[in-house]
Amino acid sequence: RHPAYYFECLDYPATKRPMNSYFVQFENLPPGAEKPHHHPGAELLFVIQGRVAVRVGGDDHTLDAGDALYFDSSQPHSYRRLGNRRSSAVVVTAP
């Protein structure tokens, strides 16, 4: 109903790519409203602007512009914007 983020693929239409990259804009949701997801492989998130809350497994992380987080994406994870400022990041996944 209210998405926690909007993804835009950065490497489309490249084929046979060993990783996938996205530009992401995060929305401000109440804690717990974001929907955890998981997928095989690893993920790297680099915050471009704003502040982002990332939950991986049961651990919460707060990232500011310039911060990065690398994690096992087979663990349930979710994201949401913190505060009222626009928040965006680059996310790279590798199967």
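Residues numbered from 1 in each chain as written. Predicted model: local features only at pLDDT ≥ 70, side-chain atom pairs only at ≥ 80, totals over all residues. Heavy atoms only, no water.

(A) Structural detail: the nonpolar core. Formed by 13 residues in total, the largest nonpolar core has its most connected members in F26, L45, V52, V54, L63, L69 and Y79. Contributions of two or more residues to this core are made by β2 (20-26), β3 (42-49), β4 (51-56), β6 (68-72) and β8 (87-94). When residues in this core are grouped by element, the largest group, 3 residues, is from β4. If sequence neighbours within four positions are ignored, L69 has contacts with E43, L44, L45, V54, V56, H61 and L63. (Core = buried A, V, L, I, M, F, W, Y, C linked by side-chain atoms within 4.5 Å. Buried < 20%, exposed > 50% of the residue type's maximum accessible area, 1.4 Å probe, protein only. Helix = DSSP H or I, 4+ residues; strand = E, 2+ residues; numbered from the N terminus. Contact = heavy atoms within 4.5 Å.)

(B) Quick peek at unusual backbone geometry. For the bond from Y12 to P13, the omega torsion is 10°, close enough to zero to count as cis. One can find P13 in the loop between β1 (5-9) and β2. Unusually for a residue other than glycine, K16 sits at a positive phi of about 50°. Secondary-structure assignment places K16 in the loop between β1 and β2. K16 sits in the exposed class, given a relative accessible area of 83%.

(C) A look at the sheet that holds β8. Within the open sheet, the 5 strands sit side by side as β1-β2-β8-β3-β6. Their pairing is antiparallel. Of all the strands in the sheet, just β1 and β6 have a single pairing partner and so form its edges. Adjacent strand axes in the sheet meet at a mean angle of 25° when their direction is disregarded. Across 7 bridges, β3 lies against β8 in antiparallel orientation. What sits directly across from A42, in β8, is A94. (Pairing = 2+ DSSP bridges. Axes fitted to C-alpha atoms, helices over the stretch in contact; angles between N-to-C directions.)

(D) A look at the pairing of strand β7 (residues 77-81). Within β7, 5 of the 5 residues are buried, which leaves the element mostly enclosed by the surrounding structure. Alternating positions in β7 separate into two faces, H77, Y79 and R81 on one and S78 and R80 on the other, with burial throughout. As paired strands, β4 and β7 are joined by 5 bridges and run antiparallel to one another. Its bridge partner lying in β7, V54 is registered against Y79.

(E) Local environment of the sheet that holds β7. With antiparallel pairing, the 3 strands of this open sheet are ordered in space as β5-β4-β7. Looking at strand neighbours, the two that pair on one side only are β5 (59-64) and β7, the edges of this open sheet. Between one strand axis and the next, the sheet turns by 20° as a mean value, whatever way the strands run.

(F) Up close: the pattern of salt bridges. Counted according to the given criterion, the structure contains 4 salt bridges. A salt bridge links D11 to R17; the nearest nitrogen and oxygen atoms lie 3.3 Å apart. The exposure class of R17 is partly exposed, given its relative accessible area of 30%. With a closest N to O distance of 2.6 Å, D60 and R55 form a salt bridge. What makes D60 exposed here is its relative accessible area of 52%. The class for R55 is partly exposed, based on a relative accessible area of 37%. (Salt bridge = Lys/Arg side-chain N within 4 Å of Asp/Glu carboxyl O.)

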